[in-house]
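Structural features, examined
Each chain is listed here by its residues.
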Amino acid sequence: MGSKLRTILEEIRDQIATNAVGSGSYDNDLRDSSSTERVFIGTEFNPLFLPAVQIIPMGRPSSERGQLTQYDRALSVLIVGMVQATTDGEGEALLQACDLADDIELALETDYSIGGNVNGIVISYDVLSGAEYNLPGSVGVVQMTVTANYHETRGS
């Protein structure tokens, strides 16, 4: 089965990869296409196929809920997305990164309970030039922090 932490990370990945289809409200298609993975958990990836998204767990503080077996958790996840500018226009890479950030946010907010495993999420992000990641300036980058709050029962 795996831990609750693992389940939440997998559901974040799956929600982004399933919902961001490049049509309707979405600008980018993040589904696996032609066996090209586009949404990764914690792996080092070479962004040869853009757009691409990397999910990295950052921390998980917890507190008791008044009973020794009841715990409130807050999982912080770093999501880094990269996208290629489609034109040479000034600021186009940053604008593409804004669209990618919106796609990721929308994909997660489609089911903000992340498959019923969390009580809610808080999302904050910055859009950056690829140069800040030592990449070409034609690459836009979104650096997003997602905090997923959930409850867990342990022990008897």
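Provided above is the structure to which this section pertains.
1. Quick look at the packing of helix 1 (residues 4-19) against helix 2 (residues 92-109)
Relative orientation of the contacting elements helix 1 and helix 2 amounts to 115°, with a least axis distance of 8 Å. As the angle between them shows, helix 1 and helix 2 are arranged roughly perpendicular. Considering only the axes of helix 1 and helix 2, their crossing is right-handed. Residues Ile12, Gln15, Ile16 and Asn19 of helix 1 form the contact with helix 2, whose participating residues are Ile104, Ala107 and Leu108. Classifying every residue of the contact of helix 1 with helix 2 gives five nonpolar, two polar and no charged.

2. Brief notes about unusual backbone geometry
Cis geometry is found at the peptide bond from Leu50 to Pro51, where omega equals 5°. Take Pro51: it is sitting in the loop between strand 1 (39-41) and strand 2 (52-59). One non-glycine residue, Ile114, adopts positive backbone phi at about 45°. Relative to the assigned elements, Ile114 resides in the loop between helix 2 and strand 5 (120-129). Judged by relative accessible area, which is 1%, Ile114 ranks as buried. With a phi angle near 65°, Asn134 is a residue other than glycine that sits in the positive phi range. Mapped onto the fold, Asn134 is located in the loop between strand 5 and strand 6 (139-153). A relative accessible area of 75% means that Asn134 is categorised as exposed.

About the criteria used
- Residues numbered from 1 in each chain as written.
- Predicted model: local features only at pLDDT ≥ 70, side-chain atom pairs only at ≥ 80, totals over all residues.
- Heavy atoms only, no water.
- Axes fitted to C-alpha atoms, helices over the stretch in contact; angles between N-to-C directions.
- Helix = DSSP H or I, 4+ residues; strand = E, 2+ residues; numbered from the N terminus.
- Parallel < 35°, antiparallel > 145°, perpendicular 65-115°, else oblique.
- Left-handed = near helix turned anticlockwise from the far one by under 90°.
- Contact = heavy atoms within 4.5 Å.
- Nonpolar A, V, L, I, M, F, W, Y, C, P; charged D, E, K, R; others polar.
- Buried < 20%, exposed > 50% of the residue type's maximum accessible area, 1.4 Å probe, protein only.

Remember, this is a structural readout, not a statement about activity or role.
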